[in-house]
Structure formats: structure tokens, C-alpha cells
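The chain contents come next:
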Protein chains: 2
Amino acid sequence: MDLTARIRSGQGEFVLFAITPPRQSTSAARLPEIAQATIDRLSGLDIDGLVLYDIDDESSRNPDERPFPFSPTVDPADYRDQHLASWQTPVIVYRAVGKYERDGLETWISGQDPERTLTVLVGAASSGTSAPVSLADAQAMRAELNPDLLLGGVAIPERHSRRDNEHLRLIAKQEAGCRYFVTQVVYDLNAAKNLVSDYRYECEARGLSPVPIVFTFSVCGSMKTLEFLRWLGVDVPRWIENDLRHATNPLAASLEQAATTAVELIDYCRRLGVPFGLNVESVSIRREEIEASVELTAQLLAHLKA
Amino acid sequence: MDLTARIRSGQGEFVLFAITPPRQSTSAARLPEIAQATIDRLSGLDIDGLVLYDIDDESSRNPDERPFPFSPTVDPADYRDQHLASWQTPVIVYRAVGKYERDGLETWISGQDPERTLTVLVGAASSGTSAPVSLADAQAMRAELNPDLLLGGVAIPERHSRRDNEHLRLIAKQEAGCRYFVTQVVYDLNAAKNLVSDYRYECEARGLSPVPIVFTFSVCGSMKTLEFLRWLGVDVPRWIENDLRHATNPLAASLEQAATTAVELIDYCRRLGVPFGLNVESVSIRREEIEASVELTAQLLAHLKA
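Given the structure is predicted, the values throughout are model-derived calculations rather than measurements. (Residues numbered from 1 in each chain as written. Chains lettered and ligands numbered in written order. Predicted model: local features only at pLDDT ≥ 70, side-chain atom pairs only at ≥ 80, totals over all residues. Heavy atoms only, no water.)

Asks: Explain the relation of the copies chain B and chain A to me, using residue names and the numbers behind them.
Replies: Rotating chain B by 180° and translating it 0.0 Å along the rotation axis places it on chain A, where the RMSD comes to 0.0 Å. Expressed as an axis order, the relation between the two copies is that of a two-fold axis. For chain B, the minimum C-alpha distance to the rotation axis belongs to Asn190 of chain B and amounts to 3.8 Å. Comparing contact sets, 100% of the residues at the interface of chain B also lie at the interface in chain A, consistent with an isologous, same-surface contact. (Least-squares fit on C-alpha atoms with pLDDT ≥ 70 in both. Contact = heavy atoms within 4.5 Å.)

This is how it looks when you write it as C-alpha cells:
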């Protein structure tokens, strides 16, 4: 059963790999080469789908200096159309709705084949910014223009740790049409379990079926990457930081730690009866971190389909 | 190698069972029966030691109403001498130093055989109380009067979550003579790992050998027990609370969860090279919770010695 069919029937147990499109400053000649390198890297893996992020300048969200400077990236929809057309599985294309004019977003939503494309609509990074299209506008657009296009939402366990209401936000998004959720990178297992647990029991209390929650994992091979994860709002427990700081091979330690966290979440979700997916993202663009991400994906596929 | 030899050589991998002596209101005739029931229950287990808690009225520490009313308990040293004399392994006798006069504590410390008795000295629950003997006084007494008596200290991972300095407190206690630490009940795995990790790397930076950290586990068969754990200052993650609230058999769910947490800490400590022990305590006095504690102990022994 392919990714769209699984999500339509409320089933999980799928594995995704997430890519950030290249920077806009990349030369036109390099773009197809980069895309082909990605396809080659992933071709040996039986993944269920690809995720294309849409990077917005999030400096309005966080006053601290960004560890890696922000650099605009190629539009994920364009990148997919122009360079990833040969990719076989469905693709989840993120849309940071605050970046777009109404017309452009409408045209894109209308034009998608819901068997090949899914989308995650992301609201503006800070409520202080004014954008032509709000998240609610964009959700309504999808419902009107292309109701079969599978809509996903963002889930942030860390927000649940601070405000205890992320499960209610998920349910509100579900009522606005979301059929799955994708978390930011998970390093804090407790926070993720707390969110899954509260979501599951709230669904039960309201007579709703839980939809798949896709947990995102990444490897982290350096303190700089860890610092960037924290800047993005990821709670990285101190013991993981210490392990990374003192490991002779931090990347291997990180890979093992991410796999362990994923396996625990798999067991937990299965026990609770909450459908789930797994998503691996490479936060850094260093070759060895990308290769370790591919290795993590292979391990998760092997575990999930064992 | 017995418990005292292990601790003297800085080795862990031992299992303890913790008991709170009966209430002072218990009839004199019942005391030996209760003690014998404990011995019978534990006789089938190859545990390395017994822990006898010394309960102080901790209402000065927490303004919230105590879920189970405080009731003074028999002095652990008296209970051991009078009713547990036939018990074979060494016993760790807690002393809540704030409860005692100087003379009484001196006599007790001087009179102990360091091959049969260990002690954990616990400071007053709140710094607002004035007691005849402070924790530092009691530590000095032990060093002077019975330097071979193995001294332990209390370790609180939750305090580390809030103040980030519990590892420094452990090292200060180590410098005051502590040769092992015993945690309060662990439900928050991350907090425990953070403490172990920070302690280990701080020891390394100072050229100290880490001493055994004894992790305490308990089962929790009811929301009332969970409420009591929280009153005592234990951080019980929300997902565990939800699991317990919704489980058809909360006690079985709790037993499984405690065993899982213990196994993860065992793996983590072994990987980090920090010596550790395991301690199982029954927080409640309900028969089925005590029996589940014994079962948990049996599982941990089987895992540790496998």
C-alpha cells in the first residue's frame, strides 16, 4: 500500500526521507546534479516517500544569532517539478504559507495530483509578522480547491512540554483537514511520548480516530549542529550533549541514539494503537552527516519491516 | 563479593530491597510477624542488601496536603536489631539526622559493625528547621567515630533538572566521605541520565573515580500512590500517568515500565562506565503492590546477573 493510501486509511508504519532544497545561490548547472545525487543515495532504500522542506527565515522567531546563517533555498515545488520528476514515490511538499501570494498558492494547490503529492502547510514562524495568506486561509484553500490533496500539520512535542496543549492544537488542525502530522526533530523521548499519549486519550474522549504522527529524526555529528538544533527549538537532553561532546565518534553515537529513540517510539505507539510514521532529515549539509542519515533510514526500515 | 566489599572497591551491579519500618502505633506482638513476613518474601531472592528507611515528617518541605497522612514509624536501627537479626546480608540503615540528639547518634554510629551495617545520612527535609545535629555534624561524627562504616548520600535527579548542580552536590558529599549514593524513586529517565552523565564527566575532569549510584524503582498501582510520589518530589512523566490511568492492569503496566527504565539505566551506566546499583522500594503498603515490588526485584536480579 502506498503512502497516500496508508494515510487515507489512517494507517502508519511508513518511512520518509526529508530534504531541504539547495540554496538559491546554487548555480543552475549544479541543481540537477545535486538532485541526482540524492536520488542515487536513496535508490537503494525502500522508502515510502520524500519530504521537501520549505525554509523560511525564522529569525523573527528567535532573537539569538542563527548558528548557520540563513540562506534562501530553491522553492520545493519548483525543485521537485524541475529536478525530481523521476522520483517514484509520492512527495510531501512543505509550504511555508507566509512566503506566498494568494494567487501563486492557489495555482499550486489546484494543480497537484493528490496521488503523487501531499502537502504540509506551515504557519508564519512568528505571530508578529503579517503575511498575505494565513495558515487558516491556506487550509481553507486546499479544502475548496483540491480536497483530495492530503494535508499535514506540524507537531511540536517541545511546545507540549511548555504549554501542555499541543494535543489540542493537533485536534484543531485535524478538524481543519489535517490527515497526518510531522514533528520537528525528536531528541526528547519523554516529550514525544507525552504528546502521543495526551493526543491518543483526547481522541478517544472525543470519539476521533488518531491520524498518523510522523516522528522526525536526525543525526548530529558536531556541537555546531547541536547548537543549530537548539536554535530551531529542539530540546536536546544534556546527557546526549555530553555523549556527543565526549564521544570518539559523535556521529556514530548520535546515529545509535536516534535509532534507539525511534525504536522506543515505535514500540510505544504500537502499544497505544497510535499510527505513526518515521522521517529522517539531515539537518547539516556535511557529506558524512548525510550518509549517516541514509544509514539511519536503512536501520529504521529494517526494524519497521522486520 | 558482598555489598560492602563491592562498594569499598567502587564496584556496582548489586540489587537492594528497601523497607520502611512499621508504624509506631503497631502493636508489639505484630512487629516480629511483619518482620518475618518480609524475610519470607525476600528469602527466595538473591539480593545483596536490605535498605531500612528512616521516615521524617516532611510536611515542612511541601505545603501541599500529604496524600497519605504522616505517621511516625519505628526507628530503623531498633527494628533491625530487634526483629531483623536473622537477616543475612548487610543492611543500609538510613538516619534522618534531624530527628536525633547528638548522644544517641554518636552511640549508634560507634556501635555498628561496618561489615554488617552501612548508613545513609539524610539532612533535615527543609533548611528552615533547626535540629540538634546537622548533616555535616553527622558526617564528621562517622569519619571520627567509625571511619569504616560505609556512608551513603541521597541523590535527586529532579533537583538536577531544576538547578543543574546535583552532580556538584554529589561530589561535595563524596569529599565528605560518601562512598555511594541512593536516588529517590526514578520515573524520569532523562533526568537520571542527565545526572549520571554530568557526574561522570565532572569526576573525570577532577580525576575522581565515580562511586556507585543506586537507582531506586517502585511500582505504582493506583493514582493515589502516584499522587504520593509527586508529593515526595518525584517527576512522573505525563505519559506514565496516562498509561496508569487507562490501563486495565495499572500495576502490571507500572511494573513493566519500571523494569524498562531500569534496563535502560543499566545499559547507559555500563556504557558510560559509572558503577550502579538497583534498589526496589514499595511506596505503598498494599499487599499487591508489595508483591509486585518483589516481582520487579526478581526481574532486575535476573537481568543483572544474566
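Asks: Account for the interface of chain B and chain A, naming residues and giving values.
Replies: With 19 residues of chain B in contact, the opposing surface of chain A contributes 19 residues. Here chain B packs against chain A, burying approximately 1,900 Å² in sum over the two surfaces, 38% of which is carbon and sulfur. It is Tyr201, Arg238 and Trp239 of chain B in chain B that bury the most area against chain A; as a group they hold 32% of the surface buried on that side. Viewed at the interface, chain A and chain B are joined by 6 salt bridges. Asp164 of chain B is the partner of Arg238 of chain A in a salt bridge, and the nearest nitrogen-oxygen pair spans 3.0 Å. Where chain B meets chain A, there are 20 residue pairs in polar contact (both at pLDDT 80 or more). Mapped by element, the contributors of at least two residues to the side of chain B that touches chain A are helix H8 (189–206), helix H10 (238–246) and helix H11 (250–272) of chain B. (Buried area = accessible area lost by both parts, 1.4 Å probe. Salt bridge = Lys/Arg side-chain N within 4 Å of Asp/Glu carboxyl O. Polar contact = N/O pair within 3.5 Å; in protein donor to acceptor, adjacent residues only side chain to side chain. Helix = DSSP H or I, 4+ residues; strand = E, 2+ residues; numbered from the N terminus.)

Asks: Hey, could you go over the pattern of salt bridges for me, with residue numbers and the actual values?
Replies: Taken as a whole and assessed by the stated rule, the structure comprises 44 salt bridges over all chains. With its nearest N and O atoms 2.6 Å apart, the salt bridge here joins Arg286 of chain A to Glu289 of chain A. Arg102 of chain B is the partner of Asp137 of chain B in a salt bridge, and the nearest nitrogen-oxygen pair spans 3.6 Å. One end of the pair, Asp137 of chain B, is in helix H5 (residues 135–145); the other, Arg102 of chain B, is in helix H4 (residues 102–111), with 35 residues separating them in the sequence.

Asks: Run through the side chain of His160 of chain B, naming residues and quoting values.
Replies: Residue and element names in this part refer to chain B. Structurally, the position occupied by His160 is in helix H6 (residues 157–163). A relative accessible area of 2% places His160 in the buried class. Excluding its chain neighbours within four sequence positions, the residues that come into contact with His160 are Asn165, Glu166, His167, Asn194, Leu195 and Asp198. (Buried < 20%, exposed > 50% of the residue type's maximum accessible area, 1.4 Å probe, protein only.)

Remember that the coordinates give geometry; whether it matters functionally is a separate question.
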